[in-house]
Structures are given as structure tokens and as C-alpha cells.
Amino acid sequence: NKKVFRLRIVGSKEYCAARVAEEEGISMADAEAKVFEINSKRHKSVNTLYEQQFEGSSLEHAVNFDLIINTDHLGAQGAALVTIMALEQAGYDLKRTKLA
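Note that the structure is a prediction, hence the values are computed from the model and not measured.

Enquirer: Help me understand a nonpolar patch on the surface in this model?
Expert: Together, L49, Y50 and F54 line one region of the surface with nonpolar side chains, adding up to about 320 Å² of accessible area. Classification of F54 by relative accessible area gives partly exposed; the value is 46%.

Enquirer: Teacher, can you tell me more about helix α1 (residues 13-24) here?
Expert: An α-helical turn contains 3.6 residues, so a residue and the one three or four places further along point in the same direction. In this model, α1 (12 residues) spans 16 Å end to end at C-alpha, consistent with the 16 Å of a helix rising 1.5 Å per residue. Buried within α1 are the following residues: C16, A17, V20 and A21. For α1, the angular spread of buried residues about the axis comes to 135°, placing them on one side. Along α1, the residues that are exposed and aim more than 90 degrees away from the buried face are E22 and E23. Packing partners of the buried residues in α1 comprise α2 (28-50). Residue G25 follows α1 closely and has a positive phi angle near 65°.

Enquirer: Is there a simple way to think about the pattern of salt bridges in this case?
Expert: Where charged atoms from two side chains of opposite charge come close, those side chains can pair. Evaluated as defined, the whole model comprises 4 salt bridges. The closest approach of N and O atoms between R19 and E23, which form a salt bridge, is 3.5 Å. On the criterion of helical spacing, the pair formed by R19 and E23 is a turn pair, its members being 4 residues apart in helix α1. Ionic pairing is found between K41 and E37, a salt bridge with its closest N-O pair at 3.1 Å. Highlighted residues: K41 and E37, both in helix α2, separated by 4 residues, approximately one helical turn. Among the residues examined, E37 registers a relative accessible area of 42% and is labelled partly exposed.

Enquirer: How should the confidence of the model for the protein chain be read in this particular structure?
Expert: Segments scoring low in pLDDT should not have their predicted coordinates read at a detailed level. Scored by pLDDT, the protein chain comes out at a mean of 88, with 95% of its residues at no less than 70. Per-element averaging of pLDDT across the protein chain places α2 at the bottom with 91 and strand β2 (residues 67-70) at the top with 95.

Enquirer: Please explain the environment of S58 as it appears in this structure.
Expert: Looking at the element boundaries, S58 is found in the loop between α2 and β2. Along the chain, S58 and I69 lie 11 residues apart, while their C-alpha atoms are 16 Å from each other. Not counting residues up to four positions away in its chain, the partners in contact with S58 are H43, N47, N64 and F65.

Enquirer: Looking at this structure, I do not really get the nonpolar core. What am I missing?
Expert: Generally speaking, soluble globular proteins have nonpolar side chains that are buried together. Of all hydrophobic cores here, the largest spans 6 residues; its members are C16, A17, V20, A21, A31 and V35. At the level of elements, α1 and α2 are the ones that each hand at least two residues to this core. Beyond its immediate chain neighbours, meaning those up to four positions away, V20 contacts G25, I26, A31, K34 and V35.

What counts, and at which threshold
- Residues numbered from 1 in each chain as written.
- Predicted model: local features only at pLDDT ≥ 70, side-chain atom pairs only at ≥ 80, totals over all residues.
- Heavy atoms only, no water.
- Patch = residues over 30% accessible without salt bridge, like charges linked within 9 Å, V, L, I, M, F, W, Y side chains within 5 Å.
- Areas by Shrake-Rupley, 256 points an atom, 1.4 Å probe, with all protein chains shown as cover.
- Salt bridge = Lys/Arg side-chain N within 4 Å of Asp/Glu carboxyl O.
- Buried < 20%, exposed > 50% of the residue type's maximum accessible area, 1.4 Å probe, protein only.
- Helix = DSSP H or I, 4+ residues; strand = E, 2+ residues; numbered from the N terminus.
- Expected span 1.5 Å × (residues − 1).
- Arc of directions from axis to C-beta.
- Contact = heavy atoms within 4.5 Å.
- pLDDT = per-residue confidence, 0-100.
- Core = buried A, V, L, I, M, F, W, Y, C linked by side-chain atoms within 4.5 Å.

The following block contains the structure:
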């Protein structure tokens, strides 16, 4: 019965791998493998947690989310700003909400 805003942040394989390679100081090939592994684990986790409750519990089904942001062109700061605007439009009072 809690109010929930379902947000998904995505990026292309190339963009995500470049970010991981830079942050972790690894090769693009290793970064691409890491991104693939992490995304696979996330997908499996969501399916395991929600497959009994929701039909099509995949991360790939847009209807499972209130907002999906592709960070290829927005970046983290842009994604944060869009998220704040969306939360406000969805009726969240961010001035009164304590963030964990």
C-alpha cells in the first residue's frame, strides 16, 4: 500500500562499458563483459523476486516502470533532474520527504 515510483536507468552497451572502463581502469572488452554480467544478474533477480506477482516481470517491459531514462545523452546529473521533475509531477512532496 506504499506509494512507489518505479524508475529504470538505462544506457547503451557502449556508453555503459566506457563509463565502467574509465571508473575502474579496465579495458573496454572487460568492461563490456562486466556490464553484460551485471545486467544479466539484475534481470534474473527481478524475475526471481516478481515473477509470481507480475506477468512480464522483466526489466525489458517498459510498462513495469513509471519512468525510464537513457543516460547516453543526459548523464547522471540530467537523469537526476528529470527524476526530480517526474517525482514532483507524480505528486511526491520532495521537500517533506526524508531520503534514506
